[in-house]
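Now for the letters of each chain:
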Amino acid sequence: MRQDDRLGLASSFGTAAAAYAEHRPDYAQAAVRWALEGAPGARVLDLGAGTGKLTAMLHGLGAEVVAVEPDSAMLAELRHTVPGVRALVGSAEAIPLPDNFVDAVLAGNAMHWFDMDVAGPEIARVLAPAGVLAGLWNVMDDGVDWVAGLAQISGSAAIGPRDTPASWRAETAEMHLPKSGAAARFGSAEQAEFAHGQVRTADSLVATLATRAGMLVMPEQEQEAALSRIRAFLAGREETARGEFTLPMLTCVLRVRRL
């Protein structure tokens, strides 16, 4: 992806901050615990924290959390949702924290937006020795028949790279993690997946997919056409046509340790 395109997509979320806070899922608790496993202490940076989905979980697990987010609208939602957490304006490429300040850096559905050539050394700078860097992604379990059908009809703007288990494994295996340079010494990456789910209705699942970056930057007519296809599909499936259902998901984690 070109840098301009990446920045345009990454900056789109603030236009839908309230919907993002309402409809995006949290993460499997087992995944968050695994991401933190072996960290030398309890101080954690939630980097690219968005509206605080991961921040709230870390806070609930007893971590001393600092949240850093570049978008003011997203940060306002975070401060409202998790008022007891220190929340700062900043980015992965310019983290407003001192050297060796945190024991872990976690990023929920955010690491793919980072410019790792710049962010890698910056993350290494704020991480204590033996600290952990982990990216977490919620993906849809397309091993379930109706979820596979949804992925096929939705289009890549709604369900794209990293949004199903196989594509996530491939995308993150090739992800540029910070391994070069004296300031960015990290060990080998590990991948793990944890069962998760989100209770949805057809309407709330459509609303969730509407908060994807590709959908947010789509021209209005194209967006409505895509969402109409999704609504029609969900209305035609026994699993999703009436009332609440559980969207089968996995929380997938990519973890690497600072040497």
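Residues numbered from 1 in each chain as written. Predicted model: local features only at pLDDT ≥ 70, side-chain atom pairs only at ≥ 80, totals over all residues. Heavy atoms only, no water.

Q: Break down the pairing of strand 1 (residues 43–47) for me, with residues and values.
A: Taking burial as the measure, the five residues of strand 1 include four buried ones, the bulk of the element. Note: strand 1 against strand 2 (residues 64–69), five bridges, orientation parallel. Paired with Val44 across the two strands is Val65, which belongs to strand 2. For the crossover that starts at strand 1, traverses helix 4 (residues 53–60) and ends in the parallel strand 2, the hand is right-handed. Pairing geometry for strand 1 and strand 4 (residues 102–108), over three bridges, is parallel. Note that in strand 4 the partner of Asp46 across the bridge is Leu106. (Buried < 20%, exposed > 50% of the residue type's maximum accessible area, 1.4 Å probe, protein only. Helix = DSSP H or I, 4+ residues; strand = E, 2+ residues; numbered from the N terminus. Pairing = 2+ DSSP bridges. Right-handed = clockwise from strand over helix to strand, strands pointing away.)

Q: So what's going on with the sheet that holds strand 5 (residues 127–140)? Which residues, and what values?
A: Ordered in space as 3-2-1-4-5-7-6, the seven strands form an open sheet in which the pairing is mixed. Both outer strands of the open sheet, strand 3 (86–89) and strand 6 (190–200), are each paired with one neighbouring strand and no more. Averaged over all neighbouring strand pairs, the angle between strand axes comes to 25°, with direction disregarded. In this sheet, strand 5 lies alongside strand 4 in parallel orientation, the contact comprising six bridges. Among the inter-strand pairings, Leu106 is bridged to a residue of strand 5, identified as Ala134. Helix 5 (residues 72–81) contacts strand 2 and strand 3 of the sheet and is inclined by roughly 175° relative to strand 3. (Axes fitted to C-alpha atoms, helices over the stretch in contact; angles between N-to-C directions. Contact = heavy atoms within 4.5 Å.)

Q: Give a detailed account of the side chain of Thr172, specifying residues and quantitative values.
A: Locating Thr172 in the fold gives a position in helix 8 (residues 165–173). Looking at Thr172, its side chain comes within polar contact range of the main-chain oxygen of Trp168, at 2.8 Å. A polar atom in the side chain of Thr172 sits 2.6 Å from the side chain of Gln191. (Polar contact = N/O pair within 3.5 Å; in protein donor to acceptor, adjacent residues only side chain to side chain.)

Q: Please give an account of the UniProt feature "domain: Methyltransferase type" (unreviewed entry) in the protein chain that cites residues and values.
A: Under the UniProt annotation, the feature "domain: Methyltransferase type" (unreviewed entry) is placed at residues 45–134. Taken end to end, residues 45–134 is 32% helix and 31% strand, and its first and last C-alpha atoms sit 11 Å apart. (UniProt positions renumbered as here; feature names shortened; annotations may be inferred.)

Q: Describe unusual backbone geometry, naming the residues involved and giving the relevant values.
A: Positive phi values are uncommon outside glycine, yet Asn100 reaches one of about 55°. Turning to its location among the elements, Asn100 is positioned in the loop between strand 3 and strand 4. Although it is not a glycine, Asn109 sits at a positive phi angle of roughly 50°. Along the chain, Asn109 falls in the loop between strand 4 and helix 6 (116–126). Assessed through its relative accessible area of 16%, Asn109 is described here as buried.

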